[in-house]
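# Fold and geometry: a report
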Amino acid sequence: MAYETIILDVDNHVALVTLNRPDALNALNDQLLSELAACLTACQENDKVRAIVITGSEKAFAAGADIAMMKDKSFVDAFSGDLFTAETDQIMRVRKPIIAAVSGYALGGGCELAMMCDFIICSESAKFGQPEINLGVVAGIGGTQRLTRIVGKSKAMDMNLTGRFMDADEAERSGLASRVVPVKKLIEEALGAAQKIAEKSMVSVMVVKEAVNRAYEVPLREGLLFERRMFHSLFATEDQSEGMGAFLEKREAQFRDR
Ligand code: HXC
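Named according to an unreviewed UniProt entry, the protein chain is enoyl-CoA hydratase originating from Sulfitobacter donghicola DSW-25 = KCTC 12864 = JCM 14565. As stated in UniProt under Sequence similarities (unreviewed entry), the record for the protein chain gives "Belongs to the enoyl-CoA hydratase/isomerase family." Of the comments in the UniProt record for the protein chain, the one headed Function (unreviewed entry) reads "Could possibly oxidize fatty acids using specific components."

Here we come to the domain arrangement of the protein chain. For the protein chain, the assigned domains are domain 1 (6-198) and domain 2 (201-249). With ten residues of domain 1 in contact, the opposing surface of domain 2 contributes eight residues. Summed over both partners, the interface of domain 1 with domain 2 buries about 850 Å², with 54% contributed by carbon and sulfur atoms. Of all residues in domain 1, R50, R95 and R149 give up the largest surface area on contact with domain 2, accounting jointly for 55% of the area buried on that side. Along the contact surface separating domain 1 from domain 2 lie two salt bridges. Between R95 and E210 there is a salt bridge, and its shortest N-O distance comes to 2.9 Å.

For the rest of this paragraph, the subject is the pattern of salt bridges. Summed over all chains, the structure comprises twelve salt bridges. The partner of K209 in a salt bridge is D118, with the nearest N and O atoms 2.8 Å apart. One end of the pair, K209, is in helix α10 (residues 202-214); the other, D118, is in the loop between α5 (109-116) and β7 (119-123), and 91 residues separate them in sequence. The exposure class of D118 is partly exposed, given its relative accessible area of 29%. Between R179 and E189 there is a salt bridge, with its nearest N and O atoms 2.9 Å apart. On the criterion of sequence distance, the pair formed by R179 in strand β10 (residues 179-181) and E189 in helix α9 (residues 186-198) is long-range, its members being ten residues apart.

What the six strands build is an open sheet, ordered β1-β2-β3-β5-β7-β10; its pairing is mixed. The outermost strands of the open sheet, each flanked by one partner alone, are β1 (6-11) and β10. On average, each strand axis in the sheet is tilted by 20 degrees relative to the strand beside it, whichever way the strands run. Bridge analysis of strand β3 (residues 51-55) against strand β5 (residues 98-102) gives four bridges, and the strand direction is parallel. Among the inter-strand pairings, I52 is bridged to a residue of β5, identified as I98. Its contacts with the sheet place α9 against β2 (14-19), β3, β5, β7 and β10, and it is angled at close to 155 degrees to β7.

Not every one of the 22 residues close to the ligand is listed here, only the nearest: K59, A63, A65, I67 and G109. One of the backbone N or O atoms of D23 is found 3.4 Å from an oxygen atom in the ligand. Between the ligand and the protein, one listed contact pairs a nitrogen atom with a backbone N or O atom of A63 at 2.9 Å. When the free accessible area of the ligand is taken as 1000 Å², the share hidden by the protein chains comes to 63%. Of all the secondary structure elements, the ones that give two or more residues to the shell around the ligand are α2 (67-70), β6 (105-107) and α5. Within the shell around the ligand, the residues separate by chemical class into 13 nonpolar, four polar and five charged.

Here α9 spans 18 Å end to end across 13 residues, near enough to the 18 Å set by a 1.5 Å rise per residue. Restricting attention to buried positions, one finds in α9 the residues L186, A190, A193, A194, I197 and A198. The buried residues of α9 occupy one face: seen down the axis, they fall within an arc of 145 degrees. In α9, the exposed residues that point more than 90 degrees away from the buried face are E188 and K196. Turning to α9, the residues buried within the fold contact β2, β3, β5, β7, β10 and α10.

Taken together, the side chains of I67, L135 and V137 define a hydrophobic patch exposed on the protein surface, amounting to about 270 Å² of accessible area. As for its placement among the helices and strands, I67 is situated in helix α2. Of the residues examined, I67 reaches a relative accessible area of 47% and is grouped as partly exposed.

Moving on, we get to the packing of aromatic side chains. When we look at a pair of aromatic rings, we describe it by the centre distance and by the angle of the planes. Within this structure, the stated rule accounts for three aromatic pairs. A ring pair is formed by F75 and F79, whose centres lie 5.2 Å apart and whose planes are at 15 degrees; its orientation type is stacked. Separated by four residues within a single helix, F75 and F79 lie in helix α3 (residues 75-80), roughly one turn from each other. Note on F231 and F235: the rings are 5.2 Å apart at their centroids and 85 degrees apart in plane angle, and the pair reads as edge-to-face. The cationic tip of K127 hangs over the ring face of Y105; the distance from NZ or CZ to the ring centre is 5.9 Å. R214 extends its terminal NZ or CZ atom over the ring of F226, reaching a point 3.9 Å from the ring centre.

The rules we used
Residues numbered from 1 in each chain as written. Predicted model: local features only at pLDDT ≥ 70, side-chain atom pairs only at ≥ 80, totals over all residues. Heavy atoms only, no water. UniProt positions renumbered as here; feature names shortened; annotations may be inferred. Domains from an automatic or database assignment. Contact = heavy atoms within 4.5 Å. Buried area = accessible area lost by both parts, 1.4 Å probe. Salt bridge = Lys/Arg side-chain N within 4 Å of Asp/Glu carboxyl O. Helix = DSSP H or I, 4+ residues; strand = E, 2+ residues; numbered from the N terminus. Buried < 20%, exposed > 50% of the residue type's maximum accessible area, 1.4 Å probe, protein only. Pairing = 2+ DSSP bridges. Axes fitted to C-alpha atoms, helices over the stretch in contact; angles between N-to-C directions. Near = heavy atom within 4 Å. Polar contact = N/O pair within 3.5 Å; in protein donor to acceptor, adjacent residues only side chain to side chain. Areas by Shrake-Rupley, 256 points an atom, 1.4 Å probe, with all protein chains shown as cover. Nonpolar A, V, L, I, M, F, W, Y, C, P; charged D, E, K, R; others polar. Expected span 1.5 Å × (residues − 1). Arc of directions from axis to C-beta. Patch = residues over 30% accessible without salt bridge, like charges linked within 9 Å, V, L, I, M, F, W, Y side chains within 5 Å. Phe/Tyr/Trp six-rings, centres within 6.5 Å; stacked < 30°, edge-to-face > 60°. Lys NZ or Arg CZ within 6 Å of the ring centre and 35° of its normal.

Right, here's the structure in full:
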(Lines give C-alpha, C1' and ligand atoms only; values in the text may rest on other atoms or scores of the structure.)
Protein backbone atom coordinates (compact mmCIF):
# COMPACT_ATOMS: atom_id res chain seq x y z
CA MET A 1 0.00 0.00 0.00
CA ALA A 2 1.24 3.50 -0.82
CA TYR A 3 1.30 5.91 2.10
CA GLU A 4 1.35 9.71 1.86
CA THR A 5 1.89 10.78 5.45
CA ILE A 6 4.28 8.09 6.62
CA ILE A 7 7.32 6.35 5.14
CA LEU A 8 7.90 2.64 5.64
CA ASP A 9 11.31 1.00 5.28
CA VAL A 10 11.80 -2.66 6.08
CA ASP A 11 15.37 -3.85 6.44
CA ASN A 12 16.84 -6.82 8.22
CA HIS A 13 13.52 -7.77 9.88
CA VAL A 14 12.98 -4.29 11.31
CA ALA A 15 10.30 -1.88 10.06
CA LEU A 16 11.15 1.80 10.36
CA VAL A 17 8.00 3.90 10.18
CA THR A 18 8.68 7.63 9.78
CA LEU A 19 5.87 10.10 10.38
CA ASN A 20 6.02 12.49 7.44
CA ARG A 21 3.97 15.68 7.65
CA PRO A 22 6.92 18.04 8.08
CA ASP A 23 4.92 21.21 7.38
CA ALA A 24 2.71 20.52 10.39
CA LEU A 25 5.39 19.02 12.66
CA ASN A 26 3.83 15.60 12.07
CA ALA A 27 0.52 16.63 13.62
CA LEU A 28 -1.76 13.60 13.72
CA ASN A 29 -4.69 14.02 11.34
CA ASP A 30 -7.17 11.36 10.24
CA GLN A 31 -5.06 10.36 7.26
CA LEU A 32 -1.82 10.00 9.21
CA LEU A 33 -3.46 8.05 12.00
CA SER A 34 -5.27 5.68 9.68
CA GLU A 35 -2.17 5.15 7.52
CA LEU A 36 -0.12 4.51 10.64
CA ALA A 37 -2.66 2.03 11.99
CA ALA A 38 -2.89 0.26 8.62
CA CYS A 39 0.90 0.16 8.28
CA LEU A 40 1.40 -1.30 11.77
CA THR A 41 -1.28 -3.92 11.09
CA ALA A 42 0.48 -4.80 7.84
CA CYS A 43 3.77 -5.10 9.77
CA GLN A 44 2.01 -7.39 12.23
CA GLU A 45 0.96 -9.64 9.34
CA ASN A 46 4.32 -9.50 7.54
CA ASP A 47 6.63 -12.37 8.54
CA LYS A 48 9.64 -10.32 7.41
CA VAL A 49 8.99 -7.81 10.22
CA ARG A 50 10.02 -8.81 13.74
CA ALA A 51 10.26 -5.40 15.41
CA ILE A 52 9.05 -1.90 14.58
CA VAL A 53 10.48 1.58 15.17
CA ILE A 54 8.26 4.66 14.88
CA THR A 55 10.03 7.98 14.49
CA GLY A 56 9.43 11.53 13.28
CA SER A 57 11.83 14.26 12.24
CA GLU A 58 14.66 15.89 14.20
CA LYS A 59 12.35 18.79 15.01
CA ALA A 60 9.26 16.80 15.95
CA PHE A 61 8.23 13.26 16.65
CA ALA A 62 4.67 14.66 16.51
CA ALA A 63 3.39 18.00 17.82
CA GLY A 64 0.02 16.52 18.72
CA ALA A 65 -3.31 15.87 17.13
CA ASP A 66 -3.98 18.22 14.23
CA ILE A 67 -5.54 21.32 15.77
CA ALA A 68 -6.85 22.62 12.43
CA MET A 69 -8.66 19.32 11.89
CA MET A 70 -10.24 19.43 15.37
CA LYS A 71 -11.09 23.09 15.75
CA ASP A 72 -14.61 23.10 14.29
CA LYS A 73 -15.74 19.77 15.65
CA SER A 74 -18.76 19.70 17.95
CA PHE A 75 -19.17 17.46 20.96
CA VAL A 76 -21.46 15.24 18.88
CA ASP A 77 -18.88 15.01 16.08
CA ALA A 78 -16.20 13.93 18.54
CA PHE A 79 -18.39 11.66 20.65
CA SER A 80 -20.51 10.00 17.97
CA GLY A 81 -17.53 9.68 15.65
CA ASP A 82 -15.49 8.31 18.59
CA LEU A 83 -12.59 10.57 17.61
CA PHE A 84 -9.23 8.72 17.50
CA THR A 85 -10.64 5.49 18.98
CA ALA A 86 -10.59 3.12 15.99
CA GLU A 87 -7.00 3.95 15.02
CA THR A 88 -5.60 3.83 18.54
CA ASP A 89 -7.39 0.55 19.27
CA GLN A 90 -5.89 -0.86 16.09
CA ILE A 91 -2.40 0.30 17.07
CA MET A 92 -2.79 -1.24 20.53
CA ARG A 93 -3.67 -4.61 18.95
CA VAL A 94 -0.21 -4.92 17.35
CA ARG A 95 1.57 -7.78 19.12
CA LYS A 96 5.04 -7.18 17.74
CA PRO A 97 7.29 -4.86 19.73
CA ILE A 98 7.23 -1.17 18.84
CA ILE A 99 9.92 1.32 19.85
CA ALA A 100 9.28 5.07 19.70
CA ALA A 101 12.40 6.99 18.61
CA VAL A 102 11.71 10.55 19.69
CA SER A 103 13.58 13.72 18.73
CA GLY A 104 12.15 17.19 19.25
CA TYR A 105 8.52 17.70 20.16
CA ALA A 106 6.35 14.83 21.35
CA LEU A 107 3.33 16.81 22.47
CA GLY A 108 -0.28 15.96 23.14
CA GLY A 109 -1.25 13.07 20.89
CA GLY A 110 2.44 12.81 19.93
CA CYS A 111 3.46 12.11 23.51
CA GLU A 112 0.51 9.74 23.81
CA LEU A 113 1.49 7.88 20.63
CA ALA A 114 5.03 7.49 21.99
CA MET A 115 3.58 6.08 25.22
CA MET A 116 1.47 3.60 23.24
CA CYS A 117 4.73 2.16 21.95
CA ASP A 118 6.49 -0.45 24.08
CA PHE A 119 9.35 1.79 25.02
CA ILE A 120 10.76 5.18 24.17
CA ILE A 121 14.32 5.96 23.15
CA CYS A 122 14.78 9.71 22.85
CA SER A 123 17.44 12.15 21.75
CA GLU A 124 18.83 15.00 23.80
CA SER A 125 16.49 17.38 21.97
CA ALA A 126 13.29 15.60 22.97
CA LYS A 127 10.51 17.58 24.61
CA PHE A 128 7.49 15.73 25.95
CA GLY A 129 4.30 17.46 26.96
CA GLN A 130 0.54 17.32 27.35
CA PRO A 131 -0.33 20.93 26.50
CA GLU A 132 -4.00 20.26 25.62
CA ILE A 133 -5.01 22.38 28.62
CA ASN A 134 -3.81 25.44 26.65
CA LEU A 135 -6.37 24.59 23.94
CA GLY A 136 -9.29 24.32 26.33
CA VAL A 137 -9.37 20.53 26.27
CA VAL A 138 -7.50 17.65 27.90
CA ALA A 139 -5.45 14.68 26.69
CA GLY A 140 -7.55 12.13 24.84
CA ILE A 141 -5.50 9.00 24.15
CA GLY A 142 -3.61 8.29 27.35
CA GLY A 143 -2.02 11.54 28.54
CA THR A 144 -3.78 11.48 31.89
CA GLN A 145 -3.72 7.68 32.21
CA ARG A 146 -0.56 6.16 30.74
CA LEU A 147 1.55 9.16 31.75
CA THR A 148 0.34 8.89 35.35
CA ARG A 149 1.17 5.20 35.50
CA ILE A 150 4.61 5.86 34.00
CA VAL A 151 5.82 9.00 35.82
CA GLY A 152 3.46 9.12 38.82
CA LYS A 153 0.73 11.49 39.89
CA SER A 154 2.78 14.56 40.70
CA LYS A 155 4.58 14.91 37.37
CA ALA A 156 1.51 13.83 35.39
CA MET A 157 -0.62 16.44 37.14
CA ASP A 158 2.09 19.07 36.64
CA MET A 159 2.38 18.36 32.91
CA ASN A 160 -1.35 18.06 32.25
CA LEU A 161 -2.31 21.07 34.41
CA THR A 162 0.44 23.52 33.45
CA GLY A 163 1.18 22.20 29.97
CA ARG A 164 4.91 22.43 30.65
CA PHE A 165 7.35 20.34 28.63
CA MET A 166 9.64 17.67 30.03
CA ASP A 167 13.14 17.52 28.56
CA ALA A 168 15.06 14.36 27.71
CA ASP A 169 16.94 14.09 31.01
CA GLU A 170 13.80 14.48 33.06
CA ALA A 171 12.02 11.99 30.81
CA GLU A 172 14.72 9.41 31.40
CA ARG A 173 14.88 10.14 35.14
CA SER A 174 11.12 9.74 35.35
CA GLY A 175 10.99 6.45 33.47
CA LEU A 176 9.23 7.90 30.43
CA ALA A 177 12.23 7.25 28.18
CA SER A 178 14.44 4.20 28.55
CA ARG A 179 17.54 5.80 26.98
CA VAL A 180 18.74 9.25 25.88
CA VAL A 181 21.21 9.53 23.02
CA PRO A 182 22.66 12.34 20.86
CA VAL A 183 20.29 13.48 18.07
CA LYS A 184 22.46 12.05 15.30
CA LYS A 185 22.58 8.64 16.99
CA LEU A 186 18.86 8.27 17.62
CA ILE A 187 17.84 6.17 14.63
CA GLU A 188 20.94 3.99 14.86
CA GLU A 189 20.28 3.34 18.56
CA ALA A 190 16.58 2.56 18.03
CA LEU A 191 17.24 0.32 15.03
CA GLY A 192 20.00 -1.41 17.01
CA ALA A 193 17.60 -2.12 19.85
CA ALA A 194 14.95 -3.35 17.38
CA GLN A 195 17.56 -5.54 15.70
CA LYS A 196 18.49 -7.13 19.02
CA ILE A 197 14.83 -7.90 19.68
CA ALA A 198 14.41 -9.26 16.15
CA GLU A 199 17.02 -11.91 16.90
CA LYS A 200 15.06 -13.36 19.84
CA SER A 201 12.35 -15.97 19.70
CA MET A 202 9.22 -14.13 18.57
CA VAL A 203 7.17 -16.26 20.94
CA SER A 204 9.10 -15.00 23.99
CA VAL A 205 9.06 -11.46 22.63
CA MET A 206 5.29 -11.43 22.32
CA VAL A 207 4.92 -12.97 25.77
CA VAL A 208 7.10 -10.21 27.26
CA LYS A 209 4.96 -7.55 25.58
CA GLU A 210 1.73 -9.09 26.88
CA ALA A 211 3.09 -9.69 30.36
CA VAL A 212 4.58 -6.23 30.90
CA ASN A 213 1.46 -4.55 29.53
CA ARG A 214 -0.64 -6.71 31.85
CA ALA A 215 1.20 -5.14 34.80
CA TYR A 216 -0.78 -1.99 34.02
CA GLU A 217 -4.12 -3.78 33.87
CA VAL A 218 -4.39 -6.32 36.67
CA PRO A 219 -3.54 -6.69 40.38
CA LEU A 220 0.00 -7.90 41.18
CA ARG A 221 -1.13 -11.40 42.18
CA GLU A 222 -2.91 -11.89 38.83
CA GLY A 223 0.01 -10.44 36.91
CA LEU A 224 2.47 -12.72 38.67
CA LEU A 225 0.27 -15.73 37.97
CA PHE A 226 0.05 -14.78 34.28
CA GLU A 227 3.82 -14.36 34.11
CA ARG A 228 4.48 -17.68 35.87
CA ARG A 229 2.06 -19.61 33.66
CA MET A 230 3.54 -18.06 30.52
CA PHE A 231 7.01 -18.97 31.80
CA HIS A 232 5.84 -22.55 32.33
CA SER A 233 4.20 -22.60 28.88
CA LEU A 234 7.40 -21.60 27.13
CA PHE A 235 8.87 -24.97 28.13
CA ALA A 236 6.59 -26.37 25.42
CA THR A 237 8.56 -24.53 22.72
CA GLU A 238 11.51 -25.72 20.67
CA ASP A 239 13.07 -22.31 21.23
CA GLN A 240 13.36 -23.03 24.97
CA SER A 241 15.47 -26.15 24.39
CA GLU A 242 17.42 -24.35 21.67
CA GLY A 243 18.09 -21.32 23.86
CA MET A 244 19.16 -23.26 26.92
CA GLY A 245 21.03 -25.85 24.85
CA ALA A 246 22.93 -23.14 22.99
CA PHE A 247 23.98 -21.52 26.26
CA LEU A 248 25.34 -24.79 27.62
CA GLU A 249 27.08 -25.59 24.33
CA LYS A 250 28.57 -22.05 24.30
CA ARG A 251 27.11 -21.13 20.89
CA GLU A 252 24.61 -18.62 19.51
CA ALA A 253 20.99 -19.75 19.71
CA GLN A 254 19.16 -20.21 16.41
CA PHE A 255 15.57 -19.43 17.28
CA ARG A 256 12.81 -20.60 14.93
CA ASP A 257 9.76 -19.09 16.64
CA ARG A 258 8.31 -22.43 17.58
C1 HXC B 1 -1.72 21.44 13.57
C2 HXC B 1 0.42 22.21 13.93
C3 HXC B 1 0.46 21.57 15.20
C4 HXC B 1 -0.69 20.81 15.60
C5 HXC B 1 2.32 22.59 14.88
N6 HXC B 1 1.59 22.82 13.79
N7 HXC B 1 1.65 21.83 15.75
N8 HXC B 1 -0.66 22.13 13.14
N9 HXC B 1 -1.75 20.78 14.75
N10 HXC B 1 -0.73 20.15 16.74
C11 HXC B 1 1.96 23.61 12.61
C12 HXC B 1 1.92 25.09 12.89
O13 HXC B 1 0.62 25.60 12.79
C14 HXC B 1 2.84 25.61 11.81
O15 HXC B 1 2.13 25.66 10.60
C16 HXC B 1 3.87 24.52 11.68
O17 HXC B 1 3.29 23.34 12.25
C18 HXC B 1 5.14 24.81 12.48
O19 HXC B 1 4.78 25.12 13.79
P20 HXC B 1 5.24 26.47 14.55
O21 HXC B 1 4.29 26.69 15.66
O22 HXC B 1 5.44 27.57 13.59
O23 HXC B 1 6.67 26.00 15.08
P24 HXC B 1 7.42 26.50 16.41
O25 HXC B 1 7.28 27.98 16.56
O26 HXC B 1 8.78 25.92 16.30
O27 HXC B 1 6.62 25.82 17.61
C28 HXC B 1 6.63 24.44 17.76
C29 HXC B 1 5.54 24.01 18.80
C30 HXC B 1 4.18 24.65 18.37
C31 HXC B 1 5.93 24.48 20.19
C32 HXC B 1 5.48 22.49 18.78
O33 HXC B 1 3.94 24.35 16.97
C34 HXC B 1 3.02 24.15 19.16
O35 HXC B 1 2.80 24.57 20.30
N36 HXC B 1 2.21 23.27 18.56
C37 HXC B 1 0.98 22.78 19.18
C38 HXC B 1 1.30 21.78 20.27
C39 HXC B 1 0.02 21.28 20.92
O40 HXC B 1 -0.77 22.08 21.47
N41 HXC B 1 -0.20 19.99 20.86
C42 HXC B 1 -1.42 19.38 21.38
C43 HXC B 1 -2.49 19.29 20.32
S44 HXC B 1 -4.01 18.68 20.96
P45 HXC B 1 2.22 26.94 9.60
O46 HXC B 1 1.26 26.60 8.51
O47 HXC B 1 1.86 28.13 10.43
O48 HXC B 1 3.65 26.94 9.17
C49 HXC B 1 -3.80 17.04 21.07
C50 HXC B 1 -4.99 16.29 21.58
C51 HXC B 1 -4.69 14.84 21.73
O52 HXC B 1 -2.79 16.50 20.76
C53 HXC B 1 -5.96 14.10 21.91
C54 HXC B 1 -5.96 12.74 21.33
C55 HXC B 1 -5.13 12.49 20.11
